[in-house]
Structures are given as structure tokens and as C-alpha cells.
Amino acid sequence: KNPYGTVFSKIPNLVEWDIITIIWGGKMFEYKVIEKTVVTPSNVDKQYQKYQNQSQDYITLMGCYPLWRTDKRMMITAIRVK
């Protein structure tokens, strides 16, 4: 199996208000989940654009949904809290 397929295999378990911690450049950042959605690949860009050019910092995690399938994407959007 593709080892890259498991990197975000647990994102379907995230729910609204869960905290995601990211360490980047030796610094820790925390984000609170605000949206969880399933879209077709053709709608991925539209979902990303929803949070572009905002005054706050957002991240979006994306993975195949269901795992190992390519027809849909699970997208988790979170806002920076720390």
C-alpha cells in the first residue's frame, strides 16, 4: 500500500473544537477545528478559497475519503488559537 495514504488517515476522527498542534520551524502552533466537510476533487479549490484572504490564520488538512479511494476528499479546516 502507498505509505502516503496513511499520513492523514485519522483526520475523519477529528470533530469541531478539537485542537490540532503543528510544530514548524521549532515553534508550536495550535489550531481549533471549525469545519469538517467531504467534497469531490473538483470542489477542493472552492473549499480552500473559502478561507483565503482572511484576517486570521487557517489551515486545511485533506485526505482521501474514504481511505484508499479517490472519488472524494475529507477536508478539515481549523483556525489558529495560539
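Rules and cut-offs
- Residues numbered from 1 in each chain as written.
- Predicted model: local features only at pLDDT ≥ 70, side-chain atom pairs only at ≥ 80, totals over all residues.
- Heavy atoms only, no water.
- Pairing = 2+ DSSP bridges.
- Helix = DSSP H or I, 4+ residues; strand = E, 2+ residues; numbered from the N terminus.
- Axes fitted to C-alpha atoms, helices over the stretch in contact; angles between N-to-C directions.
- Salt bridge = Lys/Arg side-chain N within 4 Å of Asp/Glu carboxyl O.
- Buried < 20%, exposed > 50% of the residue type's maximum accessible area, 1.4 Å probe, protein only.

Help me get a handle on the sheet that holds strand β1 (residues 19-24), residues and values and all.
Taken together, 4 strands build an open sheet; the order of strands is β1-β2-β4-β3 and the sheet is antiparallel. Every other strand in the sheet has two partners, leaving β1 and β3 (58-64) as the edge strands with one partner each. Between one strand and the next, the sheet's axes are offset by a mean angle of 35°, whatever the strand orientation. Here β1 pairs with strand β2 (residues 27-39) via 6 bridges, running antiparallel. What sits directly across from W24, in β2, is K27.

Now, about the pattern of salt bridges: what can you tell me, with residues and values included?
In total, this model carries 3 salt bridges according to the counting rule given. In this structure, the salt-bridge partner of E35 is K50, at a minimum N-O distance of 2.9 Å. Here the residue E35 occupies a position in strand β2, and K50 occupies one in the loop between α1 (44-49) and β3, the gap between them amounting to 15 residues. With a relative accessible area of 18%, E35 lands in the buried category. Of the residues examined, K50 reaches a relative accessible area of 45% and is grouped as partly exposed. The salt bridge partner of R69 is D71, with a shortest N-O separation of 3.2 Å. With a relative accessible area of 44%, R69 lands in the partly exposed category. Judged by its relative accessible area of 37%, D71 is partly exposed.

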